Amino acid sequence: MRIAPLVERPDLADQVAAWGFAEWGHLNPGETLARRVIRIQGKMNLDRVPVAFVALDEAGGIVGTASLIFDDLEGDPRNPWLASVYVPPEHRKKGIASALVRAVEDTARRLGYSRLYLFTSTVPDLYAGLGWRPLERRDYRGENIQVMDRTL
Ligand SMILES: CC(C)(COP(=O)(O)OP(=O)(O)OC[C@H]1O[C@@H](n2cnc3c(N)ncnc32)[C@H](O)[C@@H]1OP(=O)(O)O)[C@@H](O)C(=O)NCCC(=O)NCCS
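Overview of the structure.

Reading guide: rules and limits
- Residues numbered from 1 in each chain as written.
- Predicted model: local features only at pLDDT ≥ 70, side-chain atom pairs only at ≥ 80, totals over all residues.
- Heavy atoms only, no water.
- Salt bridge = Lys/Arg side-chain N within 4 Å of Asp/Glu carboxyl O.
- Helix = DSSP H or I, 4+ residues; strand = E, 2+ residues; numbered from the N terminus.
- Buried < 20%, exposed > 50% of the residue type's maximum accessible area, 1.4 Å probe, protein only.
- Axes fitted to C-alpha atoms, helices over the stretch in contact; angles between N-to-C directions.
- Parallel < 35°, antiparallel > 145°, perpendicular 65-115°, else oblique.
- Left-handed = near helix turned anticlockwise from the far one by under 90°.
- Contact = heavy atoms within 4.5 Å.
- Near = heavy atom within 4 Å.
- Polar contact = N/O pair within 3.5 Å; in protein donor to acceptor, adjacent residues only side chain to side chain.
- Areas by Shrake-Rupley, 256 points an atom, 1.4 Å probe, with all protein chains shown as cover.
- Core = buried A, V, L, I, M, F, W, Y, C linked by side-chain atoms within 4.5 Å.
- Pairing = 2+ DSSP bridges.

**Regarding the pattern of salt bridges**
Here is step 1 of the chain: Counted under the stated rule, the structure contains 13 salt bridges.
Here is step 2 of the chain: As a salt-bridge pair, Arg78 and Glu136 come within 2.7 Å of each other at their nearest N and O atoms. Highlighted residues: Arg78 in the loop between strand S3 (62-69) and strand S4 (81-86) and Glu136 in strand S6 (residues 133-140), separated in sequence by 58 residues.
Here is step 3 of the chain: Residue classification places Arg78 among the partly exposed positions, given a relative accessible area of 22%.
Here is step 4 of the chain: Judged by its relative accessible area of 30%, Glu136 falls in the partly exposed class.
Here is step 5 of the chain: When salt bridges with common partners are traced through the structure, they connect Glu31, Arg36 and Arg39 into a single cluster.

**Things to note about the packing of helix H1 (residues 13-24) against helix H2 (residues 33-41)**
Here is step 1 of the chain: In contact at an axis separation of 9 Å, H1 and H2 are set at 125° when each is read in the N-to-C sense. It follows that H1 is oblique to H2 by the angle criterion. Read as a crossing pair, H1 and H2 show a hand that is right-handed. In contact with Ala13, Asp14, Val16, Ala17, Ala18, Gly20, Phe21 and Trp24 of H1, H2 contributes Leu33, Arg36, Val37, Ile40 and Gln41.

**Remarks on the site of the ligand**
Here is step 1 of the chain: Taken together, 17 residues form the shell around the ligand, and within it Val85, Val87, Lys93, Gly95 and Ser98 come nearest.
Here is step 2 of the chain: Gly95 has a polar backbone atom sitting 2.7 Å from an oxygen atom of the ligand.
Here is step 3 of the chain: One nitrogen or oxygen atom from the side chain of Thr122 is found 3.1 Å from an oxygen atom belonging to the ligand.
Here is step 4 of the chain: Protein chains shield 66% of the accessible area of the ligand, which is 900 Å² for the free molecule.
Here is step 5 of the chain: Elements with a minimum of two residues in the shell around the ligand: H1, S4, helix H3 (96-110) and helix H4 (124-129).

**Focus on the nonpolar core**
Here is step 1 of the chain: Leu82, Leu100, Val104, Leu116, Tyr127 and Trp132 are the most contacted members of the largest nonpolar core, which has 23 residues in total.
Here is step 2 of the chain: The dominant element in this core, judged by the number of residues it contributes, is H3, at seven residues.
Here is step 3 of the chain: Discounting chain neighbours no more than four positions away, the residues touching Leu100 are Ile3, Phe53, Val54, Ala55, Gly64, Thr65, Ala66, Tyr86 and Val87.
Here is step 4 of the chain: One finds Val16, Trp19, Ile62 and Tyr86 within the second-largest nonpolar core, a separate group that totals 15 residues.

**Observations concerning the pairing of strand S5 (residues 115-120)**
Here is step 1 of the chain: Here S5 lies mainly inside the structure; five of its six residues are buried.
Here is step 2 of the chain: Pairing of S5 with strand S7 (residues 143-151) involves six bridges; the strand directions are antiparallel. Across the sheet, the residue bridging to Arg115 is Thr151, located in S7.

**Concerning unusual backbone geometry**
For residues besides glycine, phi is generally negative; the peptide bonds are generally trans as well.
Here is step 1 of the chain: Cis geometry marks the peptide bond from Val49 to Pro50; its omega dihedral reads 10°.
Here is step 2 of the chain: Checked against the element boundaries, Pro50 lands in the loop between H2 and strand S2 (51-56).
Here is step 3 of the chain: Backbone torsion omega between Asn79 and Pro80 reads -10°, so that peptide bond is classified as cis.
Here is step 4 of the chain: Tracing the chain through its elements places Pro80 in the loop between S3 and S4.
Here is step 5 of the chain: Although it is not a glycine, Asp71 sits at a positive phi angle of roughly 60°.
Here is step 6 of the chain: Note that Asp71 resides in the loop between S3 and S4.
Here is step 7 of the chain: Relative accessible area serves as the criterion here: at 53%, Asp71 is assigned to the exposed category.
Here is step 8 of the chain: In this structure, Lys93 is a non-glycine residue whose phi angle is positive, near 65°.
Here is step 9 of the chain: Position of Lys93 relative to the elements: it lies in the loop between S4 and H3.
Here is step 10 of the chain: Exposure remark for Lys93: the relative accessible area of 87% places this residue in the exposed category.

By themselves these figures say nothing about function.
Here is the structure:
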């Protein structure tokens, strides 16, 4: 397994968008799959935020995704954010999400950022295990979320 920037594999943008739409579409009222594809295509960068990543198996198949973005939490001035970490059920518990998180951290550091943020309603323990610090809890668009940060 290796992590690659999505710009290296633009053919995978539709799959990344489909996963994100199924998992988080409800958090963005008015979003459609077509709009999400366009948004993902805007993350095909290497040297500026936003950057989308894909995890690839030996055959080049996609087994996960994560992104480095601005303005994930509407109205919050902190930046940048680790977002959209997703691994399909059949590939979970093999360290793929951890590798994606490390790739996003490394890229944020390379681009000159000294701190990175995320929010999660589902897996704060996963990120705590990777060295992330819990900040505040709050309600956001109908979910109780944990905001976390990491010094790079
Ligand atoms: C959460 C998710 C990304 C984890 O992917 P993964 O590739 O299975 O994660 P890893 O194998 O890297 O796991 C890293 C650590 O987190 C733990 N972990 C993974 N999923 C977990 C879960 N659902 N609950 C609690 N701990 C979890 C693992 O046990 C592992 O700990 P260990 O190193 O002590 O064994 C994946 O289950 C997923 O895509 N879920 C749906 C989308 C989602 O919730 N994304 C997170 C949004 S913030």
